[in-house]
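# Chain and residue survey
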Amino acid sequence: VSTIRNDGAPSDRNQGQQAGLDVTMKFNQFNLIPSYSVFKVQADVTPATYTLVGSRLHNRQGSSAGLKVELEKEKITFSTKYSRADEIENNPYLADREIYNVGVEAQYDLF
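The structure displayed is predicted, hence computed values, not measured ones. (Residues numbered from 1 in each chain as written. Predicted model: local features only at pLDDT ≥ 70, side-chain atom pairs only at ≥ 80, totals over all residues. Heavy atoms only, no water.)

## Considering the pattern of salt bridges
The condition is simple: For salt bridges, the criterion is a side-chain nitrogen of Lys or Arg within 4 Å of an Asp or Glu carboxyl oxygen. Secondary structure follows DSSP: runs of H or I at least 4 residues long count as helices, runs of E at least 2 residues long count as strands, and numbering of each begins at the N terminus. Partly exposed describes any residue whose relative accessible area lies between the buried limit of under 20% and the exposed limit of over 50%, with all areas from a 1.4 Å probe on protein chains only and scaled to the type maximum.
Tallied over the entire structure, the rule returns seven salt bridges. Two residues, arginine 84 and aspartate 96, come together in a salt bridge whose shortest N-O distance is 3.9 Å. With arginine 84 in strand S6 (residues 76-87) and aspartate 96 in the loop between S6 and strand S7 (97-106), this residue pair connects regions lying 12 residues apart in the sequence. Residue classification places arginine 84 among the partly exposed residues on the basis of a relative accessible area of 28%. When the shortest N-O distance is used, the salt bridge between arginine 84 and glutamate 98 registers 3.6 Å. Highlighted residues: arginine 84 in strand S6 and glutamate 98 in strand S7, separated in sequence by 14 residues. A residue is classified by how much of its surface remains accessible, and glutamate 98, at 42% relative accessible area, is partly exposed.

## Structural notes on the packing of aromatic side chains
Rules: Note on aromatic contacts: the rings of Phe and Tyr and the six-membered ring of Trp form a pair at centre separations within 6.5 Å, being stacked when their planes are under 30 degrees apart, edge-to-face when over 60 apart, and tilted otherwise.
What the rule picks out here adds up to two aromatic pairs. With centroids separated by 5.1 Å and ring planes inclined at 50°, the aromatic side chains of tyrosine 82 and tyrosine 100 adopt a geometry described as tilted. With tyrosine 82 in strand S6 and tyrosine 100 in strand S7, the pair connects residues that are 18 residues apart, well separated along the chain. By relative accessible area, tyrosine 82 is classed as partly exposed at 31%. Residue tyrosine 100 is classed as exposed on the basis of its relative accessible area, which comes to 60%.

## Let's talk about the pairing of S6
Both faces of the sheet carry side chains from a regular strand, because those side chains alternate between them. Basically, it comes down to this: Strands qualify as paired when DSSP identifies two bridges or more between them.
By the bridge criterion, 12 bridges tie strand S5 (residues 60-71) to S6 in an arrangement that is antiparallel. Bridge pairing in S6 links lysine 68 to serine 79. With antiparallel pairing between neighbouring strands as the criterion, S5 and S6 make up a hairpin whose turn holds four residues, including lysine 75 at a positive phi of roughly 60°. Judged from the 10 bridges that link them, S6 and S7 form a sheet pairing that is antiparallel.

Okay, here's the thing in structure tokens:
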């Protein structure tokens, strides 16, 4: 759980909250890790003039659900995540969005 507040911004747009949960289920050959999180980040939580307007999470609320499969012996992790981020206040430069992530991570010692 995390929260943030920008006292320099108007009170109706200066807060953000996020809460998440993940659980690791260990099996003989692999670990299964489902996760879920919810978030609400108002428009002026942090100064974001350095970010691309369409990429940032400001002025959005939504949730994410994910699943990881870790192969401990092979040191490989497969992951997938779905996020839904809807606008809080109407903004002509933003839109509701759905984000799909798929990944593979390998961890090997080189030295």
